[in-house]
Amino acid sequence: MKAKYTLALAIGVSFALGALAVEGLHAQAKPPGYVIVEATLTDADGYVKEFIPPAAKAIAEGGGKYVVRGGQTIPFVGSPPPPRFILLQFESMEKAQAWWDSPGRKDAQIIGDKYALFRIFAAEGASQ
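The rules we used
Numbers given for residues are sequential positions, taken from 1 along each chain in its written order. In keeping with the model being predicted, local features are shown solely for residues with a pLDDT of at least 70 and side-chain atom pairs are shown and tallied solely at 80 or more, while totals for entire chains, interfaces and linings include all residues. Processing note: side-chain calculations cover all non-hydrogen atoms of the structure and skip hydrogens and water entirely. Each axis is a line fitted through C-alpha atoms, taken for helices only over the stretch in contact, and angles between the N-to-C directions span 0 to 180 degrees. Numbering goes from the N terminus for both helices and strands, where a helix is a DSSP run of H or I of at least four residues and a strand is a run of E of at least two. When an angle is under 35 degrees it counts as roughly parallel; over 145 it counts as roughly antiparallel; between 65 and 115 it counts as roughly perpendicular; any other value is oblique. The sense of a crossing depends on the near helix, which, turned anticlockwise from the far helix by less than a right angle, makes the crossing left-handed and, turned clockwise, makes it right-handed. Residue contacts are counted whenever heavy atoms from the two residues lie within 4.5 Å of one another. Side-chain classes are defined by residue name, with Ala, Val, Leu, Ile, Met, Phe, Trp, Tyr, Cys and Pro counting as nonpolar, Asp, Glu, Lys and Arg as charged, and the others, Gly among them, as polar. By the convention used here, strands pair only if DSSP detects at least 2 bridges between them. Here the term buried applies to any residue with accessible area under 20% of the maximum for its type, exposed to any over 50%, and partly exposed to those in between, with areas from a 1.4 Å probe on protein chains only. Counted as a polar contact is a pair of N or O atoms within 3.5 Å, where, for protein atoms, one must be capable of donating a hydrogen and the other of accepting one, and residues adjacent in sequence contribute only when both atoms are in side chains. Looking at any residue, its pLDDT shows the predictor's confidence there, from 0 to 100. Expected helix span is computed as 1.5 Å times (number of residues minus one). A side-chain nitrogen of Lys or Arg and a carboxyl oxygen of Asp or Glu constitute a salt bridge if their distance falls within 4 Å. By convention a nonpolar core is built from buried Ala, Val, Leu, Ile, Met, Phe, Trp, Tyr and Cys residues, the set being connected through side-chain atoms within 4.5 Å.

So, on to the packing of helix α2 (residues 44-61) against helix α4 (residues 103-115). With their axes 9 Å apart at the nearest point, α2 and α4 run at an angle of 165° to one another. Between α2 and α4, the angle is such that the two are roughly antiparallel. Where α2 crosses over α4, the handedness of that crossing is left-handed. Across the interface between the two elements, Gly46, Tyr47, Glu50, Phe51, Pro54, Ala55 and Ala58 from α2 touch Gly104, Arg105, Ala108, Gln109, Ile111, Gly112 and Tyr115 from α4. Here the residues of the contact of α2 with α4 sort into eight nonpolar, four polar and two charged.

Next up, the structure:
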């Protein structure tokens, strides 16, 4: 009889620990970080040929992925965005910041500044 109670207690404790572990993992999940890039091109040919390849490489190396890469925009309220609009997604704001601070991104930005005027900022996404 005592063995039944010991087994039941062990199962109950295991279940509780498992539930706490799952809850802890959910609490640790960080929301994604998004980087918004607005670019007004001053030299489209140079932008495409010289800037995009190293910029795309730095984004991939930093763990980012394109969500929006140019394309049509439709303004609903206020002034329209510049002709080139890019939205990048990173695993977290920390990953976005690490990409921003990376040598590859900085080197690409030097090239990009020759061919466009940029407005770049990051925003924390909603928790999943």
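Right, let's talk about the sheet that holds strand β3 (residues 84-90) for a bit. Pairing within the open sheet is antiparallel, and its four strands lie in the order β2-β3-β1-β4. With one partner strand each, in any of the chains shown, β2 (65-69) and β4 (116-124) form the two edges of the open sheet. Strand-to-strand twist across the sheet, computed as the mean angle between neighbouring axes with direction ignored, equals 20°. In this sheet, β3 lies alongside β2 in antiparallel orientation, the contact comprising four bridges. Residue valine 68 lies in a different strand from β3, and its bridge partner there is leucine 87.

The residue glutamate 94 is located in helix α3 (residues 93-101) in this model. Residue classification places glutamate 94 among the partly exposed residues on the basis of a relative accessible area of 47%. Residues glutamate 94 and glycine 33, 61 residues apart in the sequence, show an inter-C-alpha distance of 7.7 Å. Here serine 92 takes part through its side chain, which lies 3.2 Å from a polar atom of the side chain of glutamate 94.

Fine structural detail should not be taken from predicted coordinates in areas where pLDDT scores are low. Residues of the chain with pLDDT of at least 70 account for 78%, and the chain-wide mean is 86. Within the chain, the element-level pLDDT minimum falls on helix α1 (residues 2-28), averaging 56, and the maximum on α3, averaging 98.

For α4, with 13 residues, the first-to-last C-alpha span of 19 Å sits near the 18 Å given by 1.5 Å per residue. Among the residues of α4, those classed as buried are Arg105, Ala108, Gln109, Gly112 and Tyr115. On the buried face of α4, the contacting elements are β1 (33-41), α2, α3 and β4.

Here we take up the pattern of salt bridges. Scanning all chains against the criterion turns up four salt bridges. For the salt bridge of arginine 119 with glutamate 38, the shortest nitrogen-to-oxygen distance reads 3.3 Å. With a gap of 81 residues between them, arginine 119 in strand β4 and glutamate 38 in strand β1 connect regions that are remote in the sequence. For lysine 57, the salt bridge goes to glutamate 61, with nearest N and O atoms at 3.9 Å. Residue lysine 57 and its partner glutamate 61 are located together in helix α2, separated by four residues, close to a single helical turn. For glutamate 61, a relative accessible area of 59% puts it in the exposed group.

Moving on to the nonpolar core. In terms of nonpolar packing, the biggest core is built from 17 residues, with Val35, Tyr47, Phe51, Ile86, Leu88, Phe90 and Trp99 touching the most fellow members. When residues in this core are grouped by element, the largest group, six residues, is from α2. Ignoring sequence-local partners within four residues, the contact set of valine 35 consists of Ile86, Leu87, Leu88, Phe90, Ala96, Trp99, Ile120, Phe121 and Ala122.

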